[in-house]
Amino acid sequence: MGEVGEVGHAGDVSEDDGFAEFAVAAWPRLVRTAQLLTGDFHEAEDLVQTTLAKVYGRWRRVPRREIDLYVRRALINNNLSRIRRKRVVHLLTPVLPESLRHTSPGHAEAVEDRTSLLAALADLTPRQRAVMVLRYWEDLTELEIASVLNCSIGTVKTHARRGLAALRAHPRLVAAPVPLLTAPSGARR
């Protein structure tokens, strides 16, 4: 049998049915989301790699119109499982990786804002953090978040309300006048 992506014996176009292309395209977005969930770039990469490995095993059975939902759900569930296994408080990275430092004027303020936000996110429960990340970073609707988390819309609203209240009251964010929860440029509205 040939390498993944080669033409197979029976004339198959690809043995992975587009998984490699999906994984390459989705990797940066998934790592960003995972980093917000885990608070650590390396743990985020491990989480995404584990998630994609599990998704690959079921790839042919996932309906193509539900791929994003399926992968997001898997990412959130794998993160919750990781947290349950560790049963320890996980501290977030206090500064950006060296490669992202000093890339623009005003970087010190941006790093400080990001550090404050990551510290505040770390203090939320895992489900509240997942709702905050999916709503304000991934720009999902409450219905989409409920589907990803496999819960009711009411539960999503409760986690969002409590999460926002906790973030607004967090000592590191109280002094910050600028809203810190902004979606990346190009996010849909």
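What counts and what doesn't
Residues numbered from 1 in each chain as written. Predicted model: local features only at pLDDT ≥ 70, side-chain atom pairs only at ≥ 80, totals over all residues. Heavy atoms only, no water. Phe/Tyr/Trp six-rings, centres within 6.5 Å; stacked < 30°, edge-to-face > 60°. Lys NZ or Arg CZ within 6 Å of the ring centre and 35° of its normal. Axes fitted to C-alpha atoms, helices over the stretch in contact; angles between N-to-C directions. Helix = DSSP H or I, 4+ residues; strand = E, 2+ residues; numbered from the N terminus. Parallel < 35°, antiparallel > 145°, perpendicular 65-115°, else oblique. Contact = heavy atoms within 4.5 Å. Nonpolar A, V, L, I, M, F, W, Y, C, P; charged D, E, K, R; others polar. Buried < 20%, exposed > 50% of the residue type's maximum accessible area, 1.4 Å probe, protein only. Arc of directions from axis to C-beta. Left-handed = near helix turned anticlockwise from the far one by under 90°. Salt bridge = Lys/Arg side-chain N within 4 Å of Asp/Glu carboxyl O.

### So, the packing of aromatic side chains
On inspection of all chains with the given rule, the structure shows three aromatic pairs. Ring pairing ties together the aromatic residues Phe 19, Phe 22, Tyr 56 and Trp 59, which thus form one cluster. Over the aromatic face of Tyr 136 sits the side chain of Arg 135, whose NZ or CZ is 5.9 Å from the ring centroid.

### A look at the packing of helix α5 (residues 126-137) against helix α7 (residues 153-169)
In contact at an axis separation of 8 Å, α5 and α7 are set at 95° when each is read in the N-to-C sense. Accordingly, the angle class assigned to the pair α5 and α7 is roughly perpendicular. Taking contact as the criterion, the partners of Arg 127, Gln 128, Val 131, Met 132 and Tyr 136 in α5 are, on α7, Val 156, His 159, Ala 160, Arg 162, Gly 163, Leu 164 and Leu 167. In terms of residue class, the contact of α5 with α7 is built from seven nonpolar, three polar and two charged.

### Some remarks on helix α6 (residues 142-149)
Turning to α6, its buried residues number three or more, namely Ile 145, Ala 146, Val 148 and Leu 149. Buried residues along α6 cover an arc of 165° about the axis, so they all sit on one side. Count one or two residues on from α6 and you reach Asn 150, which has phi positive near 55°.

### Brief notes about unusual backbone geometry
One non-glycine residue, Asp 139, lies in the positive phi region at around 60°. The topology assignment puts Asp 139 in the loop between α5 and α6.

### Some details on the packing of helix α1 (residues 19-38) against helix α2 (residues 41-58)
Two elements in contact, α1 and α2, have axes whose closest approach is 8 Å; the angle formed by their N-to-C orientations is 140°. With respect to α2, the element α1 is oriented oblique. With respect to the hand of their crossing, α1 and α2 are arranged in right-handed fashion. Here Phe 19, Phe 22, Ala 23, Trp 27, Leu 30, Val 31, Ala 34, Gln 35 and Thr 38 of α1 come into contact with α2, specifically with Phe 41, Glu 43, Ala 44, Glu 45, Leu 47, Val 48, Gln 49, Leu 52, Val 55 and Tyr 56. Split by residue class, the contact of α1 with α2 holds 14 nonpolar, three polar and two charged.

### Thoughts on the pattern of salt bridges
One side chain can pair with another of opposite charge once the charged atoms of both are near each other. Under the defined criterion, the tally for this structure stands at six salt bridges. Of the charged contacts, one joins Asp 68 and Arg 29 as a salt bridge, the two residues approaching to 3.5 Å between their closest N and O atoms. In this pair, Asp 68 sits in helix α3 (residues 67-86) while Arg 29 sits in helix α1, placing the two residues 39 residues apart along the sequence. Exposure remark for Asp 68: the relative accessible area of 37% places this residue in the partly exposed category. One salt bridge connects Glu 43 with Arg 82, and the closest N-O pair in it is separated by 2.8 Å. Of this pair, Glu 43 sits in helix α2 while Arg 82 is found in helix α3, placing the two residues 39 residues apart along the sequence. Like Arg 82, Glu 43 is buried. Through salt bridges with shared partners, a single ionic network connects Arg 29, Asp 68, Arg 72 and Glu 138.

By themselves, these observations are geometric and do not establish any function.
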